[in-house]
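For reference, the chains in residue letters:
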Amino acid sequence: MNSLPPQAISQDVLAEKYLAAGEQTEQDLFERVATALAAVELPAQQSDWRAQFLANLQRGAIGAGRIMAAAGLDTKATLINCFVQPVADATNGFDAQGNPGIYTALSQAAETMRRGGGVGYDFSNLRPRGAVVRGTNSQASGPCSFIDVFDASCTTVESAGARRGAQMGVLRIDHPDVLEFITAKRQKGRWNNFNVSVGVSSAFMQAVRDDADWELVHVAAPGDAQIQAGAHCREDGLWVYRTTTARELWDAIMRSAYDFAEPGILFLDNINADNNLWYAERIAATNPCGEQPLPPYGCCDLGPIILTRFVREPFTAQASFDLQGFAEAVAIQVRMLDNVLDATVWPLPEQQLEARQKRRIGVGFTGLGDALILLGLHYASEAGLKQAQAIARTMRDAAYSASVDLAQEKGAFPLFKAKQYLQSGFAKRLPKEIRAAIKKHGLRNSHLLSIAPTGTVSLAFADNASNGIEPAFSWTYTRKKRMADGGEQFYTVQDHAYRLYKAMHGEDAALPDYFVSALELSASEHVAMMRCVQPYIDTSISKTVNIPADYPFEDFKNLYMECWEAGLKGCATYRPNDTLGAVLSVNSESNQSTVQKEYRHSAINSDADAVIERRPEGPLNAVVDKIEYFTHDGARRLYLVVSFIVIDGVERPIEFFMPVGQTGESQQWITATMRSLSLAARGGLLDKALADLRKVAWDRGPVRYGYKTREDGSRIPLWHDSEVALLAYAIQSIIANRGQPQPAPSTAASPAATPESTAPLAGSKCPDCGAHAMIKKDGCLFCTACGYVGSCG
């Protein structure tokens, strides 16, 4: 075990998200989890399995977030991270197949999220926009309108653990509304609580390759206007709403993914061909992060193993990975996760029935990128890929062998049928001896493996080792955490491998070449790791392919085609660009400074609320500041005058003025704003007036002005929701810096055009830099403009 003193952020995250009332240490938590999950064993065996589970937790075989937070408590929260919720083409109730209608499904999903689970949906059953609704003699509004409803519901439902439930929306590539679905998130603020993916068939991919036509179809009948426009019924009974070319549709998907990082792609035929239960289910959706393709009411019962714990003699010529010890940990992890299915609270009885019929679990790993670094291996080198393959193969074989043993002890999962099971694409790749054991004894669990994003679990339990299968994103960054009293705490967060190397070789030691981050790898190198590991994983992998901003669009499209041809189950990419903004920058190791002071009127005048009856006669002391900023139209500059008076020996702002003719906007609002602020200053209400102006938004996108200096010395640009908000901030800065030695934030902004000049337009508003650039990335809220990491889960 590679021991280091804990990072402050790790201790705080552990305490805030995982320690229960009365628990003080990680050991307390492990004992609670081990006791709770051993309690489902036979009474005579509980003590032994508690000890084994505890030891396994201590060596790095942990549960996913829900397990660590809720096992053994009386909160009635589920231990399962994510589910798939079916949605039928009906308003309420259930259809003939037992699937819930829209509002029944919404109610079920809300209950699931309230209990702590994220939810994925396939909305493809919902009839297209304009289709006939015979019961009400009306027309359907289409699935995208109902995704709006589900998104709004997620905003209002606080899930167990005080976080919002994550959601994944899927629509098939042949649905008539698929183009609206693809482009929906171009509308700022729409579907902020959803990741979205298009379910793509192999027939469609072949049509793209052949430049063939593609029909958009549905079982629901179109309206009269659509029939007049050419909609017609096929021989198979499906209605063809429109015919387009596959390449036209593919280009629309690719352009949106290129610009907005969504939608993702699910290769549905690859998923189902590899599915162990191909004979009992059809999969059309995944959990919110995509690593678990699931049937209706399916769940992901996850538990990652921290790979860095199994590296022996790191950063030496004798460094090695303990495959035997890892295999032993995997075997015990299978049993512990199988017990979760019996120990958990189920939000819905349908979910419990589905789980007990199939007993899906997901043993995985985290810290692969860091483990390879500890071994002295470049992430994408031939040796690095071979090591990753050996780890994945060991995990697969150990898990399946353990599940065979568990089947002999406790029985196979009820839907097990040996002949059909062994015909799946994945089962055919198992070693002969394991296939023979499955045929003879069965399996306890239909699926056993999944590589998920680890989010705060890695931060709390793995010393911020790299996330899941990913390489490290940066070696050090600053994280902002809101405190219970409303204040803020800033943490310098370091990657585990980076910390260990510096501890062993000194803070001034240069990093070797095998320290490679996600942004330094090519797209083909990211995909190479997926291609290497996916054949050994019976479900899927949550992996983001990071590509450079100047990556050619045609190459980008080919990347997805290569993923399909390689048999991968999906693909998600991230490309920093003018729409999404820049990605997290790696901080300088030597930069250390304090956070820039925000405006506080008490720093200027403790008696600022006193009313001033009138402006003094004659000239006043004034500051003239040049304000340089960027809008959607490019760089702008203007001059702002703030006048001060001295009252009882203390200087106080009293008058605000902007010379005429500096902007293309109407001078009336400028004059009115400056006049109102001057009156507010005299009436003792300046603080409130400026705070209110900071909230003003307009419809032309945010404005970039000024910089904020983080605790580690790195600077991030700040964004404001309008020119009015920008001016209020500029005035606050002028006042805050009046008589202070440091320059005002406005002097730090450069008028030169930069890649940051175009405002990020996708995502929700970042609480740190103000950019509308918060997206969900690897299970966490992430600001693509400044790198701020929000809540994870």
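Per an unreviewed UniProt entry, the recorded name for the protein is Vitamin B12-dependent ribonucleotide reductase, and the organism is Comamonas testosteroni. Here is the UniProt Function (unreviewed entry) comment for the protein, exactly as written: "Catalyzes the reduction of ribonucleotides to deoxyribonucleotides. May function to provide a pool of deoxyribonucleotide precursors for DNA repair during oxygen limitation and/or for immediate growth after restoration of oxygen."

## A look at the overall build of the protein
Within the protein one finds 24 helices and 32 strands. Looking at the 793 residues of the protein, the share that counts as buried comes to 59%. Across the protein, the fraction of contacts at a sequence separation of at least 24, relative to all contacts at a separation of at least 6, is 70%. For the protein, the accessible area works out to roughly 30800 Å², and carbon and sulfur atoms hold 51% of it.

## With respect to the sheet that holds strand β23 (residues 570–574)
Strand order across the open sheet formed by eight strands is β15-β1-β2-β7-β8-β12-β23-β22, with mixed pairing between neighbours. Only two strands of the sheet have a single neighbouring strand rather than two, namely β15 (299–300) and β22 (544–546). As defined by bridge partners, strand β12 (residues 264–267) adjoins β23 across two bridges and the pair is classed as antiparallel. Across the sheet, the residue bridging to Ile265 is Cys571, located in β23.

## Quick notes on the packing of aromatic side chains
One pass over the structure, following the stated rule, counts 32 aromatic pairs. With centroids separated by 6.3 Å and ring planes inclined at 55°, the aromatic side chains of Phe123 and Phe194 adopt a geometry described as tilted. Within this pair, whereas Phe123 is found in the loop between β2 (118–122) and β3 (132–133), its partner Phe194 is found in strand β8 (residues 194–200), the two being separated by 71 residues in sequence. For the residue pair Phe123 and Phe194, the accessibility class agrees, reading buried in each case. Here Tyr258 and Phe553 contribute two aromatic rings whose centre-to-centre distance is 5.2 Å and whose plane-to-plane angle is 70°, an arrangement assigned as edge-to-face.

## So, the sheet that holds strand β11 (residues 239–245)
One key point about sheets: their strands pair by backbone hydrogen bonds, in either a parallel or an antiparallel sense. Judged by pairing direction, the sheet is antiparallel, and its three strands sit side by side in the order β9-β11-β10 without closing on themselves. At either margin of the open sheet sits one strand with a lone partner, and together these are β9 (213–218) and β10 (232–233). Inspection of the sheet shows β9 paired to β11 by six bridges, in the antiparallel sense. Bridge pairing in β11 places Val217 opposite Val240.

## Focus: the packing of helix α8 (residues 202–210) against helix α21 (residues 553–565)
At a closest axis distance of 11 Å, the pairing of α8 and α21 adopts a crossing angle of 135°. Overall, the two elements α8 and α21 adopt an arrangement that is oblique. The way α8 lies across α21 gives a crossing that is left-handed. Of the residues in α21, those touching α8 at Ser202, Met205, Gln206, Val208 and Arg209 are Met561, Trp564 and Glu565. Split into classes, the residues belonging to the contact of α8 with α21 amount to four nonpolar, two polar and two charged.

## What about the state of the cysteines?
Every disulfide links exactly two cysteines, by a covalent bond between their sulfur atoms. Under the definition given, this model contains zero disulfides. Left unpaired, Cys289 is separated from the closest cysteine sulfur, that of Cys82, by 6.3 Å. In this structure Cys289 comes out as partly exposed when scored by relative accessible area, which is 26%.

## What about the pattern of salt bridges?
Within this structure, the stated rule accounts for 38 salt bridges. The partner of Arg247 in a salt bridge is Asp211, with the nearest N and O atoms 3.9 Å apart. Residue Arg247 is found in helix α10 (residues 246–260), and its partner Asp211 is found in the loop between α8 and β9; the two are separated by 36 residues along the sequence. Here Asp274 and Lys569 are joined by a salt bridge, their closest N and O atoms 3.4 Å apart. Here Asp274, found in the loop between α11 (268–273) and β13 (285–286), pairs with Lys569, found in the loop between α21 and β23; they are 295 residues apart in sequence, far enough to count as distant.

## A few points about the environment of Glu554
Tracing the backbone shows Glu554 in helix α21. Spatially, the C-alpha atom of Glu554 lies 9.6 Å from that of Asp251, the residues being 303 residues apart in sequence.

## Here's the deal with the pairing of strand β19 (residues 362–366)
Summarising burial for β19: five of the five residues are buried, a large majority. Side chains Gly362, Gly364 and Thr366 project from β19 onto one buried face, and the interleaved Val363 and Phe365 project onto a second face that is buried too.

## Considering helix α2 (residues 26–38)
Spanning 13 residues, α2 covers 18 Å between terminal C-alpha atoms, matching the ideal 18 Å at 1.5 Å per step. For α2, the complete set of buried residues consists of Leu29, Phe30, Arg32, Val33, Ala34, Ala36, Leu37 and Ala38. Buried-residue contacts for α2 involve α1 (8–18), α3 (46–58), α4 (65–70), α12 (323–343) and α18 (455–461).

## Some details on the packing of α3 against α12
The N-to-C vectors of α3 and α12 enclose an angle of 120°; their axes lie 10 Å apart at closest approach. Classed by the angle they form, the pair α3 and α12 counts as oblique. The two elements α3 and α12 meet at a crossing, and its hand is left-handed. Contacts between α3 and α12 pair Trp49, Gln52, Phe53, Asn56 and Leu57 from the former with Ala329, Ile332, Gln333, Arg335, Met336 and Asn339 from the latter. A breakdown of the residues in the contact of α3 with α12 according to their chemical character gives six nonpolar, four polar and one charged.

## As for α10
Under the 1.5 Å per step criterion, the end-to-end length of α10 is 21 Å for 15 residues, consistent within 8% with the ideal 21 Å. Among the 15 residues in α10, 11 count as buried, and that is most of the element. Regarding α10, the residues found buried are Ala246, Leu249, Trp250, Ala252, Ile253, Met254, Ser256, Ala257, Tyr258, Asp259 and Phe260. Following α10 by one or two positions, Ala261 adopts a phi angle in the positive range, close to 65°.

## Section: the confidence of the model for the protein
When the pLDDT values of the protein are averaged, the result is 86; 86% of them are 70 or greater. In this model, residues 581–607 is a region of pLDDT below 50 whose contacts with residues beyond four sequence positions or in other chains number 71 contacts. Confidence drops under a pLDDT of 50 for residues 739–761, and excluding neighbours within four residues, the segment shows 60 contacts in the predicted structure.

## A short note on the nonpolar core
Ranked by internal contacts, the top residues of the largest apolar core, which has 116 residues, are Tyr18, Tyr400, Ile438, Phe461 and Val533. The element best represented in this core is helix α15 (residues 382–410), accounting for 11 residues. When residues of this core are sorted by domain, at least three fall in each of domain 2 (294–462) and domain 4 (762–792). Core analysis: the second largest hydrophobic core is formed by 56 residues, Ala184, Val198, Leu249 and Met530 among them.

## Quick word on the environment of Val493
Tracing the chain through its elements places Val493 in strand β21 (residues 488–494). Measuring from C-alpha to C-alpha, the distance between Val493 and Thr478 comes to 5.9 Å, with 15 residues separating the pair along the chain. With residues near it in sequence (within four places) discarded, Val493 still touches Gln7, Ile9, Leu459, Asn464, Trp475, Thr476, Tyr477 and Arg479.

## Description of the environment of Ala462
Inspection of the secondary structure assignment puts Ala462 in the loop between α18 and β20 (476–482). Classification of Ala462 by relative accessible area gives buried; the value is 5%. As a C-alpha pair, Ala462 and Thr308 span 154 residues in sequence and 8.2 Å in three-dimensional space. Apart from residues no more than four positions distant in its own chain, Ala462 is found in contact with Ile306, Val457 and His496.

## Re the pairing of strand β1 (residues 82–85)
The alternating pattern of β1 places Cys82 and Val84 and Phe83 and Gln85 on opposite faces, both of which are buried. As paired strands, β1 and β2 are joined by four bridges and run parallel to one another. Each residue of the ladder has a partner; that of Phe83, found in β2, is Val119. Following the chain from β1 across helix α5 (residues 102–114) to the adjacent parallel β2, one finds a crossover that is right-handed.

## Quick notes on the side chain of Asn445
With respect to the secondary-structure elements, Asn445 resides in the loop between α17 (432–441) and α18. Since its relative accessible area comes to 0%, Asn445 is described here as buried. Side-chain polar atoms of Asn445 contact the side chain of Asp338, separated by 2.9 Å. Contacts of Asn445, omitting those with residues within four sequence positions, involve Val334, Asp338, Lys358, Arg359, Ile361, Ser403, Phe413 and Tyr421.

The rules behind these values
- One numbering rule holds for all chains: residues counted from 1, following each sequence as written.
- Totals for whole chains, interfaces and linings use every residue, but because this is a predicted model, local features are given only for residues with pLDDT of at least 70 and side-chain atom pairs only at 80 or more, for both listing and counting.
- Only hydrogens and water are removed before side-chain values are computed, so all heavy atoms of the structure are retained for them.
- UniProt positions are given in the numbering used here, feature names are shortened, and annotations may be inferred rather than shown by experiment.
- Helix and strand definitions follow DSSP, with helices as H or I runs of at least four residues and strands as E runs of at least two, each counted in order from the N terminus.
- Any residue under 20% of the maximum accessible area for its type is buried, any over 50% is exposed, and the rest in between are partly exposed; the area is computed with a 1.4 Å probe on protein chains only.
- Contact between two residues is taken to exist if any of their heavy atoms lie within 4.5 Å; hydrogens are not considered.
- We get accessible surface area from the Shrake-Rupley algorithm with a probe of 1.4 Å; when it comes to residues, only the shown protein chains can shield them.
- At least two bridges found by DSSP between two strands are what make those strands a pair.
- What counts as a ring pair is set by centres within 6.5 Å for rings of Phe, Tyr and Trp (its six-membered ring), and what kind of pair is set by the plane angle: stacked under 30 degrees, edge-to-face over 60, tilted for all other angles.
- Structural elements are reduced to axes, namely lines fitted to C-alpha atoms, with helices fitted over the stretch in contact, and the angle between N-to-C directions of any two is expressed from 0 to 180 degrees.
- Each angle is binned into one of four classes, with values under 35 degrees roughly parallel, values over 145 roughly antiparallel, values of 65 to 115 roughly perpendicular, and all other values oblique.
- Helix crossings are classified by the rotation of the near helix relative to the far one: an anticlockwise turn of less than a right angle makes the crossing left-handed, while a clockwise turn makes it right-handed.
- Note on residue classes: Ala, Val, Leu, Ile, Met, Phe, Trp, Tyr, Cys and Pro are nonpolar, Asp, Glu, Lys and Arg are charged, and everything else, Gly too, is polar.
- Note on terminology: pairs of cysteine sulfur atoms within 2.5 Å are recorded as disulfides.
- In what follows, salt bridge is the name for a side-chain nitrogen of Lys or Arg lying within 4 Å of a carboxyl oxygen of Asp or Glu.
- Each residue after the first adds 1.5 Å to the expected span of a helix.
- You can read pLDDT as the predictor saying how much it trusts each residue, on a scale of 0 to 100.
- As used in this record, nonpolar core signifies buried Ala, Val, Leu, Ile, Met, Phe, Trp, Tyr and Cys residues forming a set joined through side-chain atoms within 4.5 Å.
- These domain limits were set by an automatic method or by a database of domain assignments.
- By convention a crossover is right-handed if, when the strands point away from the viewer, the path from the first strand over the helix to the second runs clockwise.
- Counting of polar contacts relies on pairs of N or O atoms within 3.5 Å, with two restrictions inside protein: one atom must be capable of donating a hydrogen and the other of accepting it, and residues adjacent in sequence are counted only when both atoms are side-chain atoms.

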